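# Architecture at a glance
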Amino acid sequence: MKPRTRLQRREAPAAGEWSARVPALLRRIYAARGALDEAQARPRLAQLPPPDGLVGVDAAAELLATAIAEDRHIVVVGDFDCDGATACALGVRGLRMLGARRVSHAVPNRIVHGYGLSPALVDELAALQPDLLVTVDHGIACHAGIAAAKARGWQVLVTDHHLPGETLPAADVIVDPNQPGDRFPGKMLAGVGVMFYVLLALRRHLHDRPDSDARTRPDLTALLDLVAVGTVADLVPLDACNRALVAAGLRQLRAGRGCAGLQALIEVSNRDAARLTAADIGFAVGPRLNAAGRLEDMSLGIECLLTDDPRQAREIAATLNEINGERRAVQQQMTDEAEAAVARVALAGEPPLAVCLHDPQWHPGVVGLVASKLKERLHRPVIAFAPAEPGSDALRGSARSIPGFHIRDALAAVDARHPGLVERFGGHAMAAGLSLPMARLEAFRDAFARVAAETLGPELLQAVVLSDGDLAADEFTRVNAEALRDGGPWGQGFPEPQFDGEFDVLGWRVVGERHLKLELGHGRQRLNAIHFGSWDGQAPPGRVRIAYRLEPDDYRGGDAVQLVVVHREAV
């Protein structure tokens, strides 16, 4: 089952002031994304908004400064995804740079504790005797866990970026750009970005004290490698604020100045650090770090990010690489099972408006990847459920959505109409998580389908491939390909450039069982192309219209370029 897809070209308004070093093709690309001059297209750290607009950030700085001055025990509580792991490592490293001597960290186990700061995790943290808990990438929905921590006499600082519910937890301080009344312009910060801003505010607070010295003014930009990886991996939109942070972090990683763990992960991913892109983070580095939290325990991933010993970092990275291989095998099996389940309920080849799947053998750490893969293939919102732990009647679901269907709002609508049906939920427009008992699954499936039917019209169910237009014959050059690669960072909200056009198919062959290698004719030019995962047993027609990315062909070297096909249709 393939979704109905149409190609649509972006409009590129007239651009403003540019330096001569920005190629004309790149100016057109930037303008189509709303960046009409160089300052908008390539924001620098100096353009970042100050922390002032973040509600609670000054109180957070005061809370942390007091804890440091009084030598209190600070425990940074991470999360079991890449954003949560990088935010945790950032918090530990940053607090130590700013003078904290007693800093520990903890992270929930997906199976044992569930999501975030839960009462079960609080019980385990008691052995550490913390004075202050700092949550990163979670906390805004952890009412019960925060209440349990407060009952033990601990202070709690929440740093998060998720959308809050109707009530806020009873933490001492909450820093979340999406909480009510917050005026900070960077609403798209990932959890690691929020924690970075808290550290900036703390450094300013310490510097303003009469007894400040050079130790209170460390260069926190040294931590931007972690911010870049967490931001890209969490798929938050790359607005100007996030692009400035990610671009600076990429510059550090390309220069070999990243932490030992990230350098080791880049190496084990077989990526060239000097040419590292946001796509490399999203498809190679991030998944290896994420694999620990999906199948094992994210404490291993955080350990990789905290060590300064290159040998230890390489050993941990090798282990993470092995776990990622296991994750890929589990994901493929689960995805195959999910596609078979959808096929059984499809009507005349059409999948349901909203797909809700469950299998008692699925792994809760991989359902998000399965939901994402099915969402891409079906162009439908998808929720995949698995037992919270083997044999449990408690289910954990991961939801992924399509443009125009706000998945967290849809879950909120279900919750409002059927109080108690969903035990807890949270997330964003395109991704969310939830939990409910097995006995309520069918009722939830029906309720979710009704909400989807009210919102999803035919126009939303058609996938759209956006193109930056065609390329002229003299634009298929290595210089342009490298300019496009290095002109980012590209990602969510600032998509990687792709083009479209009609080509003659001069030759083709299958590589790696599932990929189609093509030789294409464009006027007098012969171009190499690859269409990953597209082999369906049918020979391609003699002439095709494709959407593609123009990339340097590093395998062939020289001036060679390659078209990476993302959509193909017969002419």
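Keep in mind it's a predicted model, so treat the numbers as computed, not measured.

### Section: the domain arrangement of the protein
Assigned domains within the protein: domain 1 (51-252), domain 2 (350-461) and domain 3 (466-570). Taking the mean C-alpha position of each, domain 2 and domain 3 sit 34 Å from one another.

### Side note on the UniProt feature "domain: DHHA1" (unreviewed entry) in the protein
Residues annotated by UniProt as "domain: DHHA1" (unreviewed entry) correspond here to residues 358-452. In residues 358-452, the share of helix is 37% and the share of strand is 26%. The end C-alpha atoms are 18 Å apart.

### What to know about the pattern of salt bridges
All told, the structure shown has 30 salt bridges when counted by the stated rule. Among the salt bridges present, the one from R152 reaches D123, with a minimum N-O distance of 3.1 Å. Here R152 is found in the loop between α6 (143-151) and β5 (155-159), whereas its partner D123 is found in helix α5 (residues 119-125), with 29 residues between them in sequence. When its relative accessible area of 48% is taken as the criterion, D123 is described as partly exposed. One salt bridge in this structure joins D172 and K150, with 2.7 Å as the shortest N-O distance.

### Some thoughts on unusual backbone geometry
For residues besides glycine, phi is generally negative; the peptide bonds are generally trans as well. Residue P489 is reached from G488 by a cis peptide bond, and omega for that bond is 15°. With respect to the secondary-structure elements, P489 resides in the loop between α17 (478-486) and β13 (499-511). Located in the positive-phi region is L235, a residue other than glycine, with phi close to 60°. Summarising the element assignment, L235 is placed in the loop between α8 (224-233) and α9 (240-254). Given a relative accessible area of 56%, L235 falls into the exposed group. The phi torsion at N270 lies on the positive side, around 60°, for a residue other than glycine. Looking at the secondary structure, you find N270 in the loop between α10 (260-268) and α11 (278-295). Residue N270 is classed as exposed on the basis of its relative accessible area of 70%.

The rules behind each value
Residues numbered from 1 in each chain as written. Predicted model: local features only at pLDDT ≥ 70, side-chain atom pairs only at ≥ 80, totals over all residues. Heavy atoms only, no water. Domains from an automatic or database assignment. UniProt positions renumbered as here; feature names shortened; annotations may be inferred. Helix = DSSP H or I, 4+ residues; strand = E, 2+ residues; numbered from the N terminus. Salt bridge = Lys/Arg side-chain N within 4 Å of Asp/Glu carboxyl O. Buried < 20%, exposed > 50% of the residue type's maximum accessible area, 1.4 Å probe, protein only.

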